[in-house]
Structure formats: C-alpha cells, structure tokens
Amino acid sequence: MSAHDHDHGHEDLPVAARVRRLEERLIEAGQATDAELDAYLSTLYSTASPVNGARMVARAWTDPDYRDLLLEDGNAAAAELGFGPLSYRLNVVENTPGTHNVIVCTLCSCYPVSLLGPSPGWYKSFAYRSRTVREPGAVLAEFGVSLDDDVTISVWDSTSEARYMVLPARPEGADGLDADALAARVSLRGLIGTALA
Ligand code: FE
C-alpha cells in the first residue's frame, strides 16, 4: 500500500493527526528527519516566550541605533539578541503619537511565536480575526485601549512569510530603569497592539 492510498478527507482529522501527516510527507520527501523535526520543536517550545519580544523593545527604547535596526530589519535585530534564525520575515511597526499599530492574521493565526510565545486564544478567534480589520477602534476599546480621535490605527495582516510585532511607545516614568526593568513593562498585548505597552 503506497502512502497515497489513503483518502484526502483530512479536514475531519484532529489537528495533531493532520500535523503528523504533514511531518510524514516531509520525511518521505527527504526534506527533514524525525529527529530534526523533534529538535526544532523542542527548541522552539523551550525558548519561545514574550520575554524575547519584550527584550527587543526594551533595547530599542534605550538604544536609538538598535531601534533603527529593529524597524529596518527585524530579523537582524532579533539575531543581535540571539533570537533566530527566524523562519519568517519579521516586520516591526512602531507606535507614534499619531499612529497605533495592531496585528492580526485574518486567514488563520500567523504570529511570531518564537518572539511572542504561543498566541493567545483570542488572537486565533474568528471574532478577532474578522472584526480587527472592520472595526479596529471598537476592538481596541474592548481591550481597554482608548485612543484620541486623531490617532490613526494601522492594522497589519500577517502571513506565514511576513509576521509583525509592535514597538510600543515607551511608558512615562520609565527613565533610569535598566533593561530588565524596562522589559518587564512590556506586555504580550503591547507587542500585539491590543494594549499600549
Ligand atoms: Fe495565519
């Protein structure tokens, strides 16, 4: 029996079984070994945390050259702090007095997992994915983010190749804090854009 004798109604299978089918295809095609896939996943799960993104933000708040690099080449900025290589292009979008950024994946749940950790359930919800593009101000208000009327909201739709992270504005009263203390001021929602920091 060949690998293609099964039927193709995979949509009914649980996600874990569909993922395993995909892994088997990669292994059959000689693209990866089981050991390589296991090693990749265990590294990802042991290191993927919003602390990583928070450290990048804290550095950008204190180091203008790093801020410039972060906005120009997110992958290089991640590598400078020892994160990566990333399997996607990282675009970092900066909140300013006139612009607030928020990220979404309208199609599914694309997200920079290695820098932000596993995505929250609401990020993957149909309501968030559909409403954030239609009525971002209302969605942000439900998260407790109230913006002045003259602030433009930019919504960034992620794909598997291009993923986003928000560089929040540095909070008031953070002068003199060291990098760890600054990083502690950065929340996961701040990195997604559903909080101010
Ligand atoms: Fe997606």
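If you're wondering where the values come from, they're calculated on a predicted model, not measured in any experiment. (Residues numbered from 1 in each chain as written. Predicted model: local features only at pLDDT ≥ 70, side-chain atom pairs only at ≥ 80, totals over all residues. Heavy atoms only, no water.)

A. Main features of the side chain of Ser119. You can see Ser119 is positioned in the loop between helix H6 (113-116) and helix H7 (121-124). Ser119 sits in the buried class, given a relative accessible area of 14%. Beyond its immediate sequence surroundings of up to four residues, Ser119 is in contact with Tyr111 and Lys124. (Helix = DSSP H or I, 4+ residues; strand = E, 2+ residues; numbered from the N terminus. Buried < 20%, exposed > 50% of the residue type's maximum accessible area, 1.4 Å probe, protein only. Contact = heavy atoms within 4.5 Å.)

B. Broad picture of the coordination of the iron ion. At this site the iron ion is bound by Cys105 (SG), Cys108 (SG), Ser109 (N), Cys110 (N) and Cys110 (SG), with donor distances of 2.1 to 2.7 Å. Read in sequence order, the donor residues coordinating the iron ion give the pattern C-x2-C-S-C. On the basis of relative accessible area, Cys105 is assigned to the buried category, the value being 1%. Overall, the relative accessible area of 36% leaves Cys108 in the partly exposed class. (Donors = N, O, S within 2.8 Å, 3.2 Å for Na, K, Ca; no water.)

C. View of the packing of helix H1 (residues 15-28) against helix H2 (residues 34-47). Two elements in contact, H1 and H2, have axes separated by 10 Å at closest approach and are oriented at 130°. On the basis of their axis angle, the class for H1 and H2 is oblique. Listed contacts from H2 to Arg20, Glu23, Leu26 and Ile27 of H1 are Asp34, Leu37 and Leu41. Broken down by class, the residue content of the contact of H1 with H2 amounts to 4 nonpolar, no polar and 3 charged. (Axes fitted to C-alpha atoms, helices over the stretch in contact; angles between N-to-C directions. Parallel < 35°, antiparallel > 145°, perpendicular 65-115°, else oblique. Nonpolar A, V, L, I, M, F, W, Y, C, P; charged D, E, K, R; others polar.)

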